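Overview (structure and organization)
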Amino acid sequence: INPTSITIITLSIIMGTIMTMSSSNWLMAWIGLELNMLAILPIISKPKTTRASEATIKYFLTQAIASAMMLLSSTTNAWQTGSWDILELKNKFSTTIMTLSLMMKMGAAPIHFWLPEVLQGTTLQTALLITTWQKLAPISLMYMISNNIQPALLMSAGILSMIVGGLGGINQTQLRKTMAYSSINNLGWTIMIMALSPNLAVMNIFIYMIMTTPIFLMMTSTSTKTLQNLTTTWTTSTATTLSIALLMLSTSGLPPFTGFMPKMLALNELITQKLTTLATLAIMTSLVSLLFYLRITYLIMVLTSPMT
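Just so we're clear, the structure is a prediction, and the values are computed from it rather than from any experiment.

Moving on: the UniProt feature "transmembrane region" (unreviewed entry) in the chain. Sites flagged by UniProt as "transmembrane region" (unreviewed entry) map to residues 152-170, 191-217, 237-257 and 278-301. In the segment residues 152-170, helix accounts for 100% and strand for 0%; the C-alpha atoms at its two ends are 28 Å apart.

Between helix α3 (residues 50-81) and helix α4 (residues 92-106), the shortest axis-to-axis distance is 8 Å and the interhelical angle comes to 160°. On the basis of their axis angle, the class for α3 and α4 is roughly antiparallel. Of the two elements, α3 crosses α4, and the hand of that crossing is left-handed. Along its contact with α3, which presents Thr-62, Gln-63, Ile-65, Ala-66, Ser-67, Met-69, Met-70, Leu-72, Ser-73, Ser-74, Thr-76 and Asn-77, the element α4 presents Phe-93, Ser-94, Ile-97, Met-98, Leu-100, Ser-101, Met-104 and Lys-105. Of the residues in the contact of α3 with α4, the class split is 10 nonpolar, nine polar and one charged.

On to the nonpolar core, then. Tyr-59, Ile-130 and Met-219 are the most contacted members of the largest nonpolar core, which totals 40 residues. With residues near it in sequence (within four places) discarded, Tyr-59 still touches Met-37, Ile-40, Leu-41, Ile-44, Trp-114, Val-118, Ile-130 and Gln-134. Among the nonpolar cores identified, the runner-up in size contains 39 residues, and Leu-154, Ile-191, Met-194 and Leu-267 belong to it.

So, about the environment of Thr-280. Of note, Thr-280 is situated in helix α14 (residues 276-301). Taking the C-alpha atoms as reference points, Thr-280 and Leu-267, 13 residues apart in sequence, are found 8.7 Å from one another. A distance of 2.7 Å separates a polar atom in the side chain of Thr-280 from the backbone oxygen of Thr-276.

On to the packing of aromatic side chains. One pass over the structure, following the stated rule, counts two aromatic pairs. Seen in terms of ring centroids, Tyr-59 and Trp-114 are 5.6 Å apart; in terms of plane orientation they differ by 70°. Their pairing is edge-to-face. A residue pair is termed long-range when its members are at least 10 positions apart, and Tyr-59 in helix α3 and Trp-114 in helix α5 (residues 114-120) qualify at 55 residues. Using a relative accessible area of 2% as the deciding quantity, one classes Tyr-59 as buried. The buried category is assigned to Trp-114, whose relative accessible area is 7%.

Thresholds, definitions, all that
Residues numbered from 1 in each chain as written. Predicted model: local features only at pLDDT ≥ 70, side-chain atom pairs only at ≥ 80, totals over all residues. Heavy atoms only, no water. UniProt positions renumbered as here; feature names shortened; annotations may be inferred. Helix = DSSP H or I, 4+ residues; strand = E, 2+ residues; numbered from the N terminus. Axes fitted to C-alpha atoms, helices over the stretch in contact; angles between N-to-C directions. Parallel < 35°, antiparallel > 145°, perpendicular 65-115°, else oblique. Left-handed = near helix turned anticlockwise from the far one by under 90°. Contact = heavy atoms within 4.5 Å. Nonpolar A, V, L, I, M, F, W, Y, C, P; charged D, E, K, R; others polar. Core = buried A, V, L, I, M, F, W, Y, C linked by side-chain atoms within 4.5 Å. Buried < 20%, exposed > 50% of the residue type's maximum accessible area, 1.4 Å probe, protein only. Polar contact = N/O pair within 3.5 Å; in protein donor to acceptor, adjacent residues only side chain to side chain. Phe/Tyr/Trp six-rings, centres within 6.5 Å; stacked < 30°, edge-to-face > 60°.

So this is what it looks like as structure tokens:
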């Protein structure tokens, strides 16, 4: 891609997200999301392979359906309340449809099927973009309407995402798919706690982004794509490999790493609200997802002797 196109695409992605995050009107938010989606399509399809084209089409169709649901929801709400204001989403039906469309845009369960496939079909840098930057706009919209969403919907979707993220990642040998399931698992925590403490949810997603970005960047620099590649990265760069292992453990939410903090605060919030069963379920699913992070760490640290 030539420099001019890259500049236009990058600006469109940034502008689309900022436009959505700063708008108070559903139509402007929708336009921002559309701009963002159309700009990222050429980036996903850049590798000239059939997998990349397939990933692009999957991404486009999912996002287009989610956008259509978003328009349906905001139009129904405007028809009922006479307002296009984001904070005026009072209609129950509209709120439910809007929540589902935002979950679809982020790739949360039960509408998560596109995420692992799209990440697997594209490059590591694009996978990083999809798992971090592309979540900002939908999360900010969900944050704005969080007071109107039924807590039961958010919590059940959150627990489902944790279960799917945990069980889905166990069987993977491809690191991009593992990272996709890791993202779904983390979104589960974010969505679940959004019902009780939206600020905590925002903190959770930001800490996740801060941990995921270096993992992807290190995987790019050592061109690691599978678990098999991981076992040989010791030979090229010991420090990088060790960092990947520690970041993986942090992402899993294992104390004393940073990733444990948002989970601990979320559990604290759940127990304060007398939702002990939900907190127990959340911990159990966390243990399942810890399994595949530990496997990655084990492969890195134990199976190959470090070459000095």
